[in-house]
Amino acid sequence: LVSRDFHPENTIVDVAGVRVGHGCRPVMVAGPCAVEGEEQIVKTALFVKKAGADMLRGGAFKPRTGPHTFQGMREEGLKLLALAGKESGLPIVTEVMSPDNVGLVAEYTDLMQVGARNMQNFDLLRELGRIRKPVLLKRGMSATIEEFLAAAEYILAEGNEQVILCERGIRTYETATRNTLDLAVVPLIKEMSHLPIMVDPSHATGKRSLVPPMTLAALMAGAHGVLVEVHPEPEKALSDGPQSLTFPGFDQLMADVRRLNGFL
Ligand code: PEP
Ligand code: MN
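- Going by an unreviewed UniProt entry, the chain carries the name 3-deoxy-7-phosphoheptulonate synthase and comes from Pelotalea chapellei.

1. Focus: the overall build of the chain
Consideration 1: When helices and strands are tallied, the chain shows 9 helices and 10 strands.
Consideration 2: Compactness check: the chain gives a C-alpha radius of gyration of 17 Å against a globular reference of 18 Å for 264 residues, within 12% of the reference.
Consideration 3: If you line up the chain on its principal axes, its C-alpha atoms span 45 × 45 × 40 Å.
Consideration 4: The burial tally for the chain puts 49% of its 264 residues in the buried class.
Consideration 5: Sequence-distant contacts, at least 24 apart, represent 67% of the contacts inside the chain between residues at least 6 apart.

2. A closer look at the sheet that holds strand β6 (residues 111-114)
Consideration 1: Pairing is parallel in the closed barrel, where 8 strands are placed in the order β3-β4-β5-β6-β7-β8-β9-β10. When strand polarity is set aside, the average angle formed by the axes of neighbouring strands in this sheet is 25°.
Consideration 2: Inspection of the sheet shows strand β4 (residues 55-57) paired to strand β5 (residues 92-95) by 2 bridges, in the parallel sense. Residue Arg-57 lies in a different strand from β5, and its bridge partner there is Val-93.
Consideration 3: Running at roughly 160° to strand β8 (residues 163-167), helix α5 (residues 145-157) makes contact with β7 (135-138) and β8 of the sheet.
Consideration 4: Helix α6 (residues 185-192) contacts β8 and β9 (197-199) of the sheet and is inclined by roughly 170° relative to β9.

3. Considerations on the nonpolar core
Consideration 1: Of all hydrophobic cores here, the largest spans 78 residues; its most connected members are Leu-137, Ala-152 and Leu-165.
Consideration 2: Here this core gets 6 residues from one element, more than from any other, and that element is α5.
Consideration 3: Those residues in contact with Ala-152, other than ones at most four positions away along the chain, are Val-2, Leu-137, Val-163, Leu-165 and Leu-195.

4. Overview of the site of ligand 1
Consideration 1: Around ligand 1, the structure places Cys-33, Gly-59, Pro-63, Gly-115, Ala-116, Arg-117, Lys-138, Arg-168, Asp-200 and His-203.
Consideration 2: In the shell around ligand 1, the residues fall into 3 nonpolar, 3 polar and 4 charged.

5. Topic: the packing of helix α1 (residues 38-51) against helix α2 (residues 74-88)
Consideration 1: Following both chains from N to C, one finds α1 and α2 inclined at 30°, their axes separated by 9 Å at the closest point. As α1 packs across α2, the resulting crossing turns out to be right-handed. Counting all contacts with α1, which are made through Glu-38, Ile-41, Val-42, Ala-45, Leu-46 and Lys-49, the residues of α2 involved are Leu-80, Leu-81, Leu-83, Ala-84, Gly-85, Glu-87 and Ser-88.
Consideration 2: Of the residues belonging to the contact of α1 with α2, the class tally is 8 nonpolar, 2 polar and 3 charged.

6. Structural notes on the pairing of β8
Consideration 1: With 5 of 5 residues buried, β8 is to be regarded as a mostly interior element.
Consideration 2: Where β7 meets β8, 4 bridges bridge the pair, whose relative direction is parallel. Looking at β8, one finds that Leu-137 is bridged to Leu-165.
Consideration 3: After leaving β7, the chain enters α5 and then returns to the sheet as β8, a path that is right-handed.
Consideration 4: Pairing of β8 with β9 involves 3 bridges; the strand directions are parallel.

7. A closer look at α1
Consideration 1: For α1, with 14 residues, the first-to-last C-alpha span of 20 Å sits near the 20 Å given by 1.5 Å per residue.
Consideration 2: Residues of α1 that are buried: Gln-40, Ile-41, Thr-44, Ala-45 and Val-48. In a view along the axis of α1, the buried residues occupy a sector of 125°, so they form one face of it. Away from its buried face, by an angle of more than 90 degrees, α1 presents the exposed residues Glu-39 and Lys-50.
Consideration 3: The first or second residue beyond α1 is Gly-52, which carries a positive phi of 115°.

8. Structural notes on the environment of Val-163
Consideration 1: Checked against the element boundaries, Val-163 lands in strand β8.
Consideration 2: Between the C-alpha atoms of Val-163 and Ile-12, which are 151 residues apart in sequence, the distance is 9.0 Å.
Consideration 3: When near neighbours in sequence (up to four residues on either side) are disregarded, Val-163 contacts Val-135, Leu-137, Ala-152, Ile-155, Leu-156 and Leu-195.

9. So, the confidence of the model for the chain
Consideration 1: Taken residue by residue, the chain gives an average pLDDT of 97. The fraction at 70 or more is 100%.
Consideration 2: Listed scores for the predicted complex are pTM 0.97 and ipTM 0.98.

Conventions adopted
Residue numbers run consecutively from 1 along every chain, following the written order of its sequence. Note on labels: chains are lettered from A, ligands numbered from 1, in written order. Reporting in this predicted model follows two pLDDT cut-offs: at least 70 for local features of residues, and 80 or more for side-chain atom pairs to be given and counted; totals over whole chains, interfaces and linings ignore these cut-offs and use all residues. Only DSSP runs of H or I covering at least 4 residues are called helices, and only runs of E covering at least 2 are called strands; the numbering of each starts at the N terminus. Radius of gyration means the value over C-alpha atoms here, while the globule rule gives 2.2 Å times the residue count to the 0.38 power. Put plainly, a residue is buried at 20 or more neighbouring C-beta atoms within 10 Å of its own, exposed at 12 or fewer, and partly exposed in between, counting only other residues' C-beta atoms, which are placed from the backbone. The contact rule is simple: place each C-beta atom from the backbone, and if two of them lie within 7 Å, those residues are in contact. Two strands make a pair as long as DSSP finds a minimum of two bridges between them. To get an axis, a line is fitted to the C-alpha atoms, and for a helix only the part in contact is used. The angle between two axes follows their N-to-C directions and goes from 0 to 180 degrees. We call a set of buried Ala, Val, Leu, Ile, Met, Phe, Trp, Tyr and Cys residues a nonpolar core when their C-beta atoms link them within 7 Å. Whether a residue is near a molecule or strand depends on its C-beta atom, generated from backbone atoms, being within 6 Å of that molecule or strand. When residues are sorted by character, Ala, Val, Leu, Ile, Met, Phe, Trp, Tyr, Cys and Pro go into the nonpolar class, Asp, Glu, Lys and Arg into the charged class, and all the rest, Gly among them, into the polar class. We call a crossing left-handed when the near helix sits turned anticlockwise from the far one by less than a right angle, and right-handed when that turn is clockwise. Crossover handedness is defined by viewing with both strands directed away from the observer: a clockwise path from the first strand over the helix to the second marks the crossover as right-handed. A helix is expected to span 1.5 Å for every residue after the first. Taken from the helix axis, the directions to the C-beta atoms give the arc we talk about. pLDDT is defined as a per-residue confidence score from the predictor, taking values between 0 and 100.

See the structure below:
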């Protein structure tokens, strides 16, 4: 179902009126790694909206590597995200970690994110296939393209075709960057599948200074959108501060993106 061979028309995913996919202007999704409080998320939403973002991201359920770190504000975080979405007018993207929470998260969000660590959580994928909300499926950090597309197939097989794929870096022997951004998947997925493909240079690099150049590279490679982490005070962020752009950093990046879009 994900393959072009059996589905030649391109899929356009409609996220609360923002269209993503082949032939659409690339979209910019921005926001903090995690929702940390009302002021933080509303302030960020209003700022990224003014800078030109198309959607707001922010985690309420966080899949942290260890159990003793900040795990997210959960339902309270979803409520704050919905508030920030309303105040800014931006559609909301947030992660759902468990099949049990699909209904709850769907009440508050416009685009349901499956994190890299859950790419092969098949019960979660099946549950997302049964709802009528678009899904953002991130590539597992050790997943091949075949496994990535097979994971998307689980969602489509249950009847939900509104799926956006997202490359977010893979594990290699290299440790100087958090992950290795595999940009070749962008044109490759476009050849293989009708589904839109986005790129997350924040989790791929783990380093703020690398996010702007890799954003531009992703757009040049043909990505249908880019997800970046932005925080009002990255040094105080409860997660992923080192890779989060500052407000001025995001503003500058958006200026560069607009110039680049003029060429694309
Ligand atoms: C995130 O987007 O905050 C996240 C946890 O990403 P990933 O699943 O790609 O690590
Ligand atoms: Mn993060």
